[in-house]
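Examining the three-dimensional arrangement
So you can see what is in the structure, the chains are spelled out below.
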Amino acid sequence: MANATAVHEEPILHMGAPVPNGKLAVWIFLATEIMFFTGLIGVYVVLRNGTPTRSEPWPIPEDVHLVEWIGAFNTFVLICSSVTVVLAHFALTKGNVGAAARYVAVTLALGGVFLVVKAVEYRSKYDHDILPGHVFDRLTEPRGTQYIEKVREQLNEIVAHPNEAGPALEDCQKLLAELELKDGRSQLTPQVAGQRVKEILEKHKTEANYPELHISPVIPFGNLWASCYFAMTGFHALHVFGGLVIFVIILLMAGRGRLGVQHAGFLEMTGLYWHFVDIVWIFLFPLLYLV
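As the structure is a prediction and not an experimental result, all values here were calculated from the model.

Within the protein chain, the regular secondary structure consists of nine helices and two strands. Mapped in sequence order, the helices and strands of the protein chain form the string α-α-α-α-α-α-β-β-α-α-α. The C-alpha radius of gyration computed for the protein chain amounts to 28 Å, which surpasses the reference 19 Å derived for 291 residues by more than 25%, pointing to a less compact arrangement than a globule. Overall, the C-alpha framework of the protein chain stretches about 125 × 40 × 25 Å when taken along its three principal axes. Buried positions account for 40% of the 291 residues belonging to the protein chain. Look at the contacts in the protein chain between residues 6 or more apart in sequence, and 79% of them connect residues 24 or more apart. Only carbon and sulfur atoms are counted for the fraction: they give 64% of the accessible area of the protein chain, which is about 16600 Å². One finds the centroid of the 21 positive side-chain charges in the protein chain at a distance of 2 Å from the centroid of its 27 negative side-chain charges.

This is the structure in structure tokens:
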């Protein structure tokens, strides 16, 4: 009778973390990104709460032409895109490549909508000259003289198109007359001119046929706000654009018949990055639009 020899096999040890290398790399990358955006948001919070005074408060969204419902709409768009990228990954794990490609296409479209809306908001800042270094947040010399010249230039443009000025035309003509130079100097001081501009903007914004007057108001800490706004939203928009590039690559793979179940991990890691981008905006939205 043959003797049976029992063989005890030792388990094979694998070095490294108990997660795929690709996913680990994404988590490390996202950790650095979290630190980056935490730094940006932290600086904003410190400036927002440390620099304003009672006489010179931090700009509210209305002062800098931020519309709350537009920011809320963009937030909803990104949340929907997070749902569709999850559905795309689920479909791909089930071998339904066509459905996965369609969900990726929807995610791409939603991300594109977000960037288009953000571009419209940037255009609004450009039209109202709410750009770093362009905002009149102090009227001490020489900025006071520059402010008078700027407002006079804007009022001349408004008066030159009376049909577009609407009911604000008379007030604009009156202020322009007071700003005309007399003996080389304006009849109004920069501080008084700034107050008159504020009164005109507040008076006519309540009218039914209120035209959007392009007159620069005095916005305390406006340049600091604009610097923070464009830094945070600009870097975020770059991250959104990077995600869209990856989605385009995935769609190209699907179009050439090269996308399959074996790419589920790749799509999952892309989704992790996209969720991070969405979460960052969920933090930025209330900070910029609601506070």
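The rest of the description comes next.
With that settled, the discussion passes to the nonpolar core. If you look at the biggest cluster of nonpolar residues, it comprises 50 residues, and the most contacted ones within it are Tyr44 and Trp225. Elements with a minimum of two residues in this core: helix H1 (21-50), helix H2 (68-93), helix H3 (97-127), helix H8 (222-255) and helix H9 (264-290). By residue number, the principal contributor to this core is H9, which donates 14 residues. Contact partners of tyrosine 44, with chain neighbours within four places excluded, come to Trp58, Trp225, Cys228, Met232, Leu287 and Leu288. One finds Tyr147, Ile158, Ala168 and Leu176 within the second-largest nonpolar core, a separate group that totals 21 residues.

What follows deals with the pattern of salt bridges. One pass over the full model with this rule turns up six salt bridges. Linking glutamate 268 and lysine 23 is a salt bridge whose minimum nitrogen-to-oxygen distance equals 3.0 Å. With glutamate 268 in helix H9 and lysine 23 in helix H1, this residue pair connects regions lying 245 residues apart in the sequence. Since its relative accessible area comes to 21%, lysine 23 is described here as partly exposed.

Here we come to unusual backbone geometry. Positive phi, close to 60 degrees, is recorded for histidine 65, a residue that is not glycine. Its location among the elements puts histidine 65 in the loop between H1 and H2. On the basis of relative accessibility, which here comes to 28%, the residue histidine 65 falls in the partly exposed class.

Now for the packing of aromatic side chains. Evaluated as defined, the whole model comprises 15 aromatic pairs. Each ring, one from phenylalanine 114 and one from tryptophan 281, has its centre 5.1 Å from the other, and the planes form 85 degrees; the classification is edge-to-face. Taken together, the residues phenylalanine 114 in helix H3 and tryptophan 281 in helix H9 connect sequence positions 167 residues apart. No difference in accessibility class separates phenylalanine 114 from tryptophan 281, as the two residues are buried. The positively charged end of arginine 138 is found above the aromatic ring belonging to phenylalanine 221, 5.3 Å away from the centroid.

Right, let's talk about a nonpolar patch on the surface for a bit. Together, Val67, Trp69, Phe73 and Val113 line one region of the surface with nonpolar side chains, adding up to about 380 Å² of accessible area. With respect to the helices and strands, the residue valine 113 is situated in helix H3. Taking relative accessible area as the criterion, valine 113 reaches 33% and is therefore assigned partly exposed.

The rules behind each value
- Residues numbered from 1 in each chain as written.
- Predicted model: local features only at pLDDT ≥ 70, side-chain atom pairs only at ≥ 80, totals over all residues.
- Heavy atoms only, no water.
- Helix = DSSP H or I, 4+ residues; strand = E, 2+ residues; numbered from the N terminus.
- Rg over C-alpha atoms; globule rule 2.2 N^0.38 Å.
- Buried < 20%, exposed > 50% of the residue type's maximum accessible area, 1.4 Å probe, protein only.
- Contact = heavy atoms within 4.5 Å.
- Areas by Shrake-Rupley, 256 points an atom, 1.4 Å probe, with all protein chains shown as cover.
- Lys, Arg positive; Asp, Glu negative; His and termini not counted.
- Charge placed at Lys NZ, Arg CZ, Asp CG, Glu CD.
- Core = buried A, V, L, I, M, F, W, Y, C linked by side-chain atoms within 4.5 Å.
- Salt bridge = Lys/Arg side-chain N within 4 Å of Asp/Glu carboxyl O.
- Phe/Tyr/Trp six-rings, centres within 6.5 Å; stacked < 30°, edge-to-face > 60°.
- Lys NZ or Arg CZ within 6 Å of the ring centre and 35° of its normal.
- Patch = residues over 30% accessible without salt bridge, like charges linked within 9 Å, V, L, I, M, F, W, Y side chains within 5 Å.

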